[in-house]
Amino acid sequence: MVKLFKGIFDSAAPAEVLERTPSYQDFVLIDWYDEGKAKAQNHGASETGLKTCIGKIYHNHKEILRQDEIEQEKAKQPFRVKLREYMMKNEVYHNRLEKIKHVEVPKIEEKIEALQEEIREMKRNPQDFIGDKVGKAGFVIGTIILTFLTVYLFIFYSSASFSAFFKEFTVGELGVANSIFDAQALSKAYKDGFTELVLILTIPFVFLGLGYLIHKFQEVKGWGKYPKIVMLIAVTFIFDAILAYEITEKIYNIKAENSFDDIPPYTVAMAFQSVNFWLIIFAGFVVYLVWGLVFDFVMEAYGKLDQLSVIVKAKKEEIAKKEEQLHKLDEETDKLNNIIGSNNTEIEKLKTILDHSDIIKPKELEHSLMRFLDGWLEFLNFNSRDETARQNAHNLVVEFIQMNVKPMEALAQDNEK
């Protein structure tokens, strides 16, 4: 068997050795330990000789494996399996890309366009979606009117409250306008005391609060809301009537004090017969009712606009979700293309290996080289070579294995996974 190896290993082989092509099994059965010792002796244990020997072992390993069809096919089989695996995976990935491109993306884009068209249609014909016509202009105009009415009621009730509760009338202030609308009502109330000012400022909100309650009761379903609404209107009217009575009574009393005739005391019946009384009622209570109607209209218009905006917002959120799906499909497409590209690189690498028959059995070859190294080192030990020579020899073989054997072993291991 050693003779057979010498025929492969040495450049000049005896004719009887070359009569047949050695098999891979012959190569494996060689005692590489003994060969290591023998070659170390033949080459004087030089590093150059060691490089030459391990290079020939590597070359002869590939050549014998290439000529041994059975072993060659065994060595190539894992690479063929891995090649088919990569090709099958790429086919699956290509099918997935085709589905994304021609089915899923167009379907999502079509849905997004449909949602956008629905939003445009909502803005053109909102009544088709909420069952009632929405007038944005009416809402804006109603809001402006409501704002001015609120300012008016605030001024009216603050002035009327000041006149009714705190103001001392003079003969020169007997007119209804002077009695109610006092331009200095707030400044006078402030001078009289902080509490008086707070009362004057907060009384208008009592009436506005009553108007808001009427609006909320109107939103309640059922007939039970109407008695409550009537009660609130009655309370408001009574409050206005009290203010009007107080103001007209003060005006009447001033006139009585400055009259030479006997004037009877002021009564409720006399108030109901007074034009000034009803003028104050209409200036406050009627405007208050108008404010309530306008407030209802504005809130109703706002509710419709808000309802429409809620629907539009929901559509936009759905569009955002669809766009997120498109983004994820784009990411998946990029990922699949990267995987396919990586697989194609591996496929080309495997095809190159298979087409050029550049196949080795890395584990067996590494074992042979290490056994050869053991024999070489044994010769060095026997001849009392220093540790540096042994370490250099070891490093040389290990580096050769790392460069020429390990890459193929790593590839073979990847193919076995």
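About the thresholds
- Residues numbered from 1 in each chain as written.
- Predicted model: local features only at pLDDT ≥ 70, side-chain atom pairs only at ≥ 80, totals over all residues.
- Heavy atoms only, no water.
- Helix = DSSP H or I, 4+ residues; strand = E, 2+ residues; numbered from the N terminus.
- Buried < 20%, exposed > 50% of the residue type's maximum accessible area, 1.4 Å probe, protein only.
- Contact = heavy atoms within 4.5 Å.
- Areas by Shrake-Rupley, 256 points an atom, 1.4 Å probe, with all protein chains shown as cover.
- Patch = residues over 30% accessible without salt bridge, like charges linked within 9 Å, V, L, I, M, F, W, Y side chains within 5 Å.
- Salt bridge = Lys/Arg side-chain N within 4 Å of Asp/Glu carboxyl O.
- Lys, Arg positive; Asp, Glu negative; His and termini not counted.
- Charge placed at Lys NZ, Arg CZ, Asp CG, Glu CD.
- Phe/Tyr/Trp six-rings, centres within 6.5 Å; stacked < 30°, edge-to-face > 60°.
- Lys NZ or Arg CZ within 6 Å of the ring centre and 35° of its normal.
- pLDDT = per-residue confidence, 0-100.
- Expected span 1.5 Å × (residues − 1).
- Core = buried A, V, L, I, M, F, W, Y, C linked by side-chain atoms within 4.5 Å.
- Axes fitted to C-alpha atoms, helices over the stretch in contact; angles between N-to-C directions.
- Parallel < 35°, antiparallel > 145°, perpendicular 65-115°, else oblique.
- Left-handed = near helix turned anticlockwise from the far one by under 90°.
- Nonpolar A, V, L, I, M, F, W, Y, C, P; charged D, E, K, R; others polar.

1. Let's talk about the overall build of the chain
- The helix and strand tally for the chain stands at 16 helices and 0 strands.
- Looking at the chain residue by residue over its 417 residues, the buried ones come to 37%.
- In the chain, once contacts between residues fewer than 6 apart in sequence are set aside, the share between residues at least 24 apart is 79%.
- In the structure as shown, the chain presents an accessible area of about 24,400 Å², 59% of it carried by carbon and sulfur atoms.

2. Let's talk about a negative patch on the surface
- A cluster of acidic side chains, namely Glu324, Asp330, Glu331 and Asp334, defines a negative patch on the protein surface.
- Tracing the sequence through the fold places Glu331 in helix α13 (residues 275-356).

3. Notes on the packing of aromatic side chains
- All told, the structure shown has 10 aromatic pairs when counted by the stated rule.
- Consider the rings of Tyr58 and Phe400, whose centres lie 5.7 Å apart with planes at 85°: the pair is edge-to-face. One end of the pair, Tyr58, is in helix α4 (residues 47-67); the other, Phe400, is in helix α15 (residues 387-404), with 342 residues separating them in the sequence. Across the pair, Phe400 and Tyr58 agree in class, each one buried.
- Judged by centre distance (5.5 Å) and plane angle (75°), the rings of Phe272 and Phe277 are edge-to-face.
- On the basis of relative accessible area, Phe277 is assigned to the buried category, the value being 1%.
- Ring-pair connections join several aromatic residues into one group, and the members of that group are Phe237, Phe285 and Tyr288.
- Across the ring face of Tyr86, the terminal group of Lys82 is positioned such that the distance to the ring centre comes to 5.2 Å.

4. Quick word on the pattern of salt bridges
- Across all of its chains, the model carries 10 salt bridges by this definition.
- Taking the shortest distance from any N to any O, the salt bridge between Glu346 and Lys349 comes out at 3.6 Å. Within this pair, Glu346 and its partner Lys349 are both found in helix α13, separated by 3 residues, close to a single helical turn.
- A relative accessible area of 19% means that Glu346 is categorised as buried.
- Residues participating in the shared-partner salt-bridge network are Lys82, Glu85 and Lys89.

5. Things to note about the confidence of the model for the chain
- Per-residue confidence for the chain gives a mean pLDDT of 77; residues scoring 70 or more make up 78%.
- Averaged over each element, pLDDT in the chain is lowest for helix α1 (residues 2-9) (44) and highest for α15 (88).
- When the criterion is pLDDT under 50, residues 1-21 qualifies, and its contacts beyond four places in sequence or with other chains add up to 30 contacts.

6. Some thoughts on α4
- Here α4 is 21 residues long and its end C-alpha atoms lie 30 Å apart, about the 30 Å a rise of 1.5 Å per residue gives.
- Those residues of α4 not exposed but buried are Gly49, Leu50, Cys53, Ile54, Ile57, Tyr58, Asn60, His61, Lys62, Ile64 and Leu65.

7. Re the nonpolar core
- One finds Leu153, Tyr157, Phe277, Tyr288 and Trp291 to be the most contacted residues of the largest nonpolar core, which totals 33 residues.
- Per element, the largest residue contribution to this core is 11 residues, and it comes from α13.
- If we skip the residues at most four places from it in the chain, Tyr157 touches Ile203, Pro204, Phe207, Asp240, Leu243, Gly284, Phe285 and Tyr288.
- In this structure, Phe79, Ile353, Leu365 and Ile401 belong to the second largest nonpolar core, which totals 32 residues.

8. Details of the packing of α4 against helix α14 (residues 362-382)
- At a minimum axis separation of 11 Å, α4 and α14 run at an interaxial angle of 155°. In terms of orientation, α4 lies roughly antiparallel with respect to α14. For the element pair α4 and α14, the recorded crossing hand is right-handed. Residues Gly49, Leu50, Cys53, Ile54, Ile57, Tyr58 and His61 of α4 pack against Leu365, Leu369, Phe372 and Trp376 of α14.
- Its residues assigned to classes, the contact of α4 with α14 shows 9 nonpolar, 2 polar and no charged.

9. A look at unusual backbone geometry
- Look at Ala45: it is not a glycine, yet its phi comes out positive at around 55°.
- Note that Ala45 resides in the loop between α3 (32-42) and α4.
- Accessibility expressed as a relative area gives 12% for Ala45, which makes it buried.

10. As for a nonpolar patch on the surface
- Taken together, Val268, Phe272, Trp278 and Phe282 make up a surface patch of nonpolar side chains, about 400 Å² in accessible area.
- Sorting the residues of the nonpolar patch by element identifies α12 (268-272) and α13 as the ones contributing at least two each.
- Residue class for Val268 comes out partly exposed when judged on its relative accessible area of 47%.

11. A word on the packing of α3 against α14
- Close contact between α3 and α14 brings their axes to 6 Å; oriented N to C, the two are set at 50°. On the basis of the axis angle, α3 is oblique to α14. Crossing geometry of α3 relative to α14 is assigned as right-handed. Along its contact with α3, which presents Trp32, Tyr33, Glu35, Gly36, Lys37, Lys39, Ala40 and Gln41, the element α14 presents Ser368, Arg371, Phe372, Asp374, Gly375, Trp376, Glu378 and Phe379.
- For the contact of α3 with α14, the residue count by class is 6 nonpolar, 4 polar and 6 charged.

12. A look at the environment of Val151
- Looking at where Val151 falls in the secondary structure, it is placed in helix α7 (residues 136-165).
- A sequence separation of 53 residues divides Val151 from Pro204, and the C-alpha atoms of the two residues are 9.8 Å apart.

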